[in-house]
Amino acid sequence: MKAPVFTNGDAHADVVIVGSGVVGAMVADQLVSQGYSVLVLEAGLRIQRGQAVENWRNMPFENRVGSDFQGLYPQAANAPAPLYFPENNYVGLSGPSGSSFKQGYLRTVGGTTWHWAASCWRHLPVDLKMKSVYGVGRDWPISYDELEPFYCQAEEEMGVAGPSDPAMQSPVERSRPYPMDMVPWSYGDTRFAEVVNPHGYRSVPIPQGRSTRPWQGRPTCCGNNNCQPICPIGAMYNGIHHVQRAEQKGAVVLAEAVAYKIDTDENNRIVAVHWYDGDRTSHKATGRQFVLACNALETPRLLLLAANDRNPNGIANRSDQVGRNMMDHSGFHCTFLANEPLWAGRGPAQNTCLVGPRDGDFRSQYSANKMIVNNITQVAPATRQALKMGLVGRDLDAEIRRRAAYGVDLSISLEPLPEANNRLTLSATRRDPLGLACPDIHYDVGDYVRRGAEAAHAQLEHIGKLFGATEFNITTSLNANNHIMGGTIMGDNARDSVVDGDCRAFDHDNLWLPGGGAMPSASVVNSTLTMAALGLKASAAIIKQLARG
Ligand SMILES: Cc1cc2nc3c(=O)[nH]c(=O)nc-3n(C[C@H](O)[C@H](O)[C@H](O)COP(=O)(O)OP(=O)(O)OC[C@H]3O[C@@H](n4cnc5c(N)ncnc54)[C@H](O)[C@@H]3O)c2cc1C
Ligand code: SF4
């Protein structure tokens with residue numbers, strides 16, 4: 001087992017990785033498994049699962065009902081993450097849709113998947129060919145067939161449970177079955193499909209990073225519905241699982257290590273990354289290969305922060321594309337009371353999704369959508385509503401029960417197109433505690449998404465009728481879905497792209513930027529499985545590169 005070498009607080013490793021989320025930790029695990037020394041610099045703190053559970057339990061009702069998934073995770077003094085209760089303004093937002101880009105990512109050892117919903121979708125093959133098939137967006141420089149083996153590997157690594165019946169899969173193009181069979185549908189999931197599917201909809205099980213049997217140290221999901229913001233028993237996959245695996249094999253993960261500066265040599269190869277420790281002392285990590293996996297918002301920020309004499313516009317930014325093409329699946333909610341009880345809240349946070357409108361010729365005109373039946377228990381919104389009605393005693397109790405049983409919440413996501421003006425820049429005025437410029441983002445979802453939202457409204461009204469809906473409501477403003485993409489976009493040439501099909505930077509042949517930042521198209525499904533697959537594809541290329549010497 002080869003370990004990083006530390007000398008007077010500085011470090012040397014074969015591979016230096018920045019960021020210990022699912023992407024960085026999975027890459028670390030791949031490389032340390034091949035016998036290379038691996039150092040991971042992680043800005044955030046180490047979190048204890050039990051402490052996070054206690055913090056959630058003890059949060060005020062308003063935070064819980066407002067889904068304050070960020071606030072229960074302790075923040076490192078030097079590495080702020082966005083907070084909303086109250087808002088800390090760490091990420092500055094502007095533009096016509098700035099308010100719909102309020103991302104909720106964590107800066108902790110293990111990263112944001114501590115509080116994700118674990119939906120593990122693949123892109124459709126056609127999602128990688130948006131330009132050539134639908135005349136919008138960009139094509140990927142790699143095909144679905146090239147990515148497919150890494151999707152299989154990512155599903156294995158994350159322990160994904162999904163349907164074995166192709167009629168319930170999306171996409172059906174897969175060379176291996178899911179590692180585990182699907183999370184069983186609850187009564188509500190089954191009834192939902194029974195009601196809508198005969199009317200042309202396609203309600204299918206969500207493939208998810210949850211164990212339906214004991215899996216690599218994870219217990220079986222017991223369906224307690226607390227996945228967001230923390231699975232109390234670790235049945236849901238989190239990046240921390242790969243951190244632990246990599247550490248057991250000899251990788252060193254330094255917490256409270258904020259990377260801020262990058263050195264390059266005369267060939268523009270990366271020679272070192274500098275980091276601040278918790279005491280704000282600077283250190284340097286040298287290595288042979290460097291991976292930045294800080295997520296699609298913090299990676300472009302770091303590349304811009306690290307501008308040096310040879311790269312005055314930022315590292316990897318000769319194309320001027322670093323920070324551009326920022327994307328998320330902006331979305332909205334549709335809520336109603338059904339004419340029969342569906343009992344949301346049994347099983348995991350998300351289990352059922354309508355995938356019919358994922359694809360079709362309409363994509364040349366407007367965005368696809370996906371509709372998730374939000375399975376987070378309706379008790380909190382039901383209580384809030386029943387209290388507003390002024391009820392007390394048994395009447396209050398009965399109304400909470402009625403609303404919790406009959407309440408439906410559909411979460412709709414839309415597909416953005418990469419757009420150069422949707423851009424991350426460095427703030428000229430706001431600084432983090434280390435004096436580093438905070439990120440600013442200008443965002444406009446664009447008419448493609450707006451038209452997609454209108455099409456989804458018509459479908460929702462039809463679904464509402466199928467359930468005899470009362471109190472039918474569609475939210476008007478678009479919300480963030482925390483699937484941060486773009487910022488270091490992939491392409492087939494260095495003129496308009498930051499990385500190639502292996503997520504290697506065009507400008508620096510030993511720098512790799514795997515993850516959401518590289519994705520040239522967003523599809524309409526949650527993107528982390530694709531980020532992980534890209535991380536694994538990059539790992540395979542790094543291993544080849546290291547073997548060459
Ligand atoms: C509430 C919620 C629900 C979600 N549900 C889903 C879902 O169901 N399915 C899905 O596909 N996706 C979901 N996501 C998105 C998913 O969590 C992210 O796509 C995923 O975590 C991204 O992984 P990552 O490794 O790229 O980044 P992260 O997990 O964000 O990790 C990046 C790490 O880099 C570190 N870092 C940043 N800057 C520096 C620096 N300068 N120096 C050192 N370290 C640094 C950070 O501290 C962080 O730990 C959800 C997100 C949220 C917030
Ligand atoms: S339903 Fe409960 S056990 Fe299952 S993943 Fe979610 S929180 Fe964990």
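The structure presented is a predicted model; accordingly, all values stated were derived computationally and were not measured. (Residues numbered from 1 in each chain as written. Chains lettered and ligands numbered in written order. Predicted model: local features only at pLDDT ≥ 70, side-chain atom pairs only at ≥ 80, totals over all residues. Heavy atoms only, no water.)

(A) Local environment of the pattern of salt bridges. Inspection of every chain in the model, using the stated rule, returns 32 salt bridges. Note that E399 and R402 form a salt bridge whose closest N and O atoms lie 3.1 Å from each other. Here R402 and E399 lie together in helix α10 (residues 393–406), a separation of three residues that amounts to about one turn. Among the residues examined, E399 registers a relative accessible area of 10% and is labelled buried. The closest approach of N and O atoms between D444 and R450, which form a salt bridge, is 2.6 Å. When its relative accessible area of 25% is taken as the criterion, D444 is described as partly exposed. On the basis of relative accessibility, which here comes to 33%, the residue R450 falls in the partly exposed class. One salt-bridge network, in which partners are shared between bridges, spans D127, R358, D359, R363 and E415. (Salt bridge = Lys/Arg side-chain N within 4 Å of Asp/Glu carboxyl O. Helix = DSSP H or I, 4+ residues; strand = E, 2+ residues; numbered from the N terminus. Buried < 20%, exposed > 50% of the residue type's maximum accessible area, 1.4 Å probe, protein only.)

(B) Spotlight on the site of ligand 2. The environment of ligand 2 is formed by 13 residues, the closest being R210, C221, N224, C227 and C231. In terms of residue class, the shell around ligand 2 is made up of eight nonpolar, four polar and one charged. (Near = heavy atom within 4 Å. Nonpolar A, V, L, I, M, F, W, Y, C, P; charged D, E, K, R; others polar.)

(C) Focus on the side chain of T530. Within the element layout of this structure, T530 appears in helix α12 (residues 528–547). Setting aside residues up to four positions removed in sequence, T530 forms contacts with W121, H123, W140, L147, Y151 and M519. (Contact = heavy atoms within 4.5 Å.)

(D) Expanded view of helix α1 (residues 22–33). With 12 residues, α1 ought to run about 16 Å at 1.5 Å a step, and its terminal C-alpha atoms sit 16 Å apart, in line with that. With 11 of its 12 residues buried, α1 lies for the most part within the structure. Regarding α1, the residues found buried are V22, V23, G24, A25, M26, V27, A28, D29, Q30, L31 and V32. Where α1 is buried, its residues touch β2 (10–18), β3 (38–41), α5 (144–158), α7 (239–248), β11 (282–292) and α12. A positive backbone phi angle near 95° is found at G35, which sits one or two residues after α1. (Expected span 1.5 Å × (residues − 1).)

(E) Highlighting the sheet that holds strand β16 (residues 423–431). Pairing is mixed across the open sheet formed by three strands, whose spatial order is β4-β17-β16. The open sheet has two edge strands with one neighbour each: β4 (92–94) and β16. Ignoring strand direction, the axes of neighbouring strands in this sheet form an average angle of 30°. Each of β16 and β17 (437–442) is contacted by helix α8 (residues 298–305), which is oriented at about 65° to β16, the strand it contacts most. (Pairing = 2+ DSSP bridges. Axes fitted to C-alpha atoms, helices over the stretch in contact; angles between N-to-C directions.)

(F) Expanded view of the packing of aromatic side chains. Summed over all chains, the structure comprises 10 aromatic pairs. Where Y260 meets Y276, the ring centres are 4.0 Å apart and the plane angle is 10°; that geometry is what we call stacked. In this pair, Y260 is assigned in strand β9 (residues 258–264) and Y276 in strand β10 (residues 270–276), connecting sequence segments 16 residues apart. On the basis of an interplanar angle of 35° and a centroid distance of 5.9 Å, the ring pair of F336 and F467 is categorised as tilted. With a gap of 131 residues between them, F336 in strand β12 (residues 331–337) and F467 in the loop between α11 (446–466) and β18 (470–474) connect regions that are remote in the sequence. By the burial criterion, F336 is buried, and F467 matches it. Among the aromatic side chains, those forming a connected cluster through ring pairs are F192, F336, F467 and F472. Positioned above the aromatic ring of W56, the side-chain terminus of R64 is 4.9 Å from the ring centre. A cation over a ring is seen here: R174 above Y178, with NZ or CZ 3.7 Å from the ring centre. (Phe/Tyr/Trp six-rings, centres within 6.5 Å; stacked < 30°, edge-to-face > 60°. Lys NZ or Arg CZ within 6 Å of the ring centre and 35° of its normal.)

(G) Inspection of the packing of α1 against α12 at higher detail. At their nearest, the axes of α1 and α12 sit 9 Å apart, and the two run at 35° to each other. The chirality of how α1 crosses α12 is right-handed. Side by side, α1 and α12 meet where V22, V23, M26, V27, Q30 and L31 of the first sit next to T528, M531, A532, G535, L536, S539, I542, I543 and L546 of the second. When the residues that make up the contact of α1 with α12 are grouped by side-chain class, the tally is 11 nonpolar, four polar and no charged. (Left-handed = near helix turned anticlockwise from the far one by under 90°.)

(H) Region of interest: the sheet that holds β12. Here six strands make up an open sheet; going across it, the order is β7-β13-β14-β15-β12-β18 and the pairing antiparallel. Each of the sheet's edge strands pairs with one partner strand only, and the pair in question is β7 (203–205) and β18. The average undirected angle you get between the axes of adjacent strands in this sheet is 25°. Note: β12 against strand β15 (residues 407–414), seven bridges, orientation antiparallel. When the sheet's bridge partners are listed, H333 is paired in β15 with S411. Each of β12, β15 and β18 touches α10; the most contacted strand, β15, lies at about 40° to it.

(I) The arrangement of the nonpolar core in detail. In this structure, M158, L410 and L511 are the most contacted members of the largest nonpolar core, which totals 135 residues. Residues contacting L511, with those up to four places away along its chain left out, are I270, F290, L292, L303, I315, A316, C503, R504 and A505. (Core = buried A, V, L, I, M, F, W, Y, C linked by side-chain atoms within 4.5 Å.)

(J) Just the packing of helix α9 (residues 379–388) against α10, in detail. Orientation of α9 relative to α10, taken along the N-to-C sense of each, is 135°, at an axis distance of 8 Å. One finds that α9 runs oblique with respect to α10. Here α9 and α10 pass one another in a crossing that is right-handed. Facing V379, A382, T383, Q385, A386 and L387 of α9, the residues of α10 in contact are L396, E399, I400, R403 and A404. Residue classes in the contact of α9 with α10 are distributed as seven nonpolar, two polar and two charged. (Parallel < 35°, antiparallel > 145°, perpendicular 65-115°, else oblique.)

(K) Fine view of the site of ligand 1. Close to ligand 1 lie 36 residues; E42, G104, T108, T112 and T528 are nearest. Within the side chain of E42, an N or O atom sits 2.6 Å from an oxygen atom of ligand 1. Contact distances for ligand 1 include 3.2 Å between a nitrogen atom and a side-chain N or O atom of N526. Burial of ligand 1 by the protein chains amounts to 96% of its free accessible area of 990 Å². Counting residues per element, the ones that place at least two in the shell around ligand 1 are α1, β9 and α12. Here the residues of the shell around ligand 1 are counted per class, giving 16 nonpolar, 17 polar and three charged. (Polar contact = N/O pair within 3.5 Å; in protein donor to acceptor, adjacent residues only side chain to side chain. Areas by Shrake-Rupley, 256 points an atom, 1.4 Å probe, with all protein chains shown as cover.)

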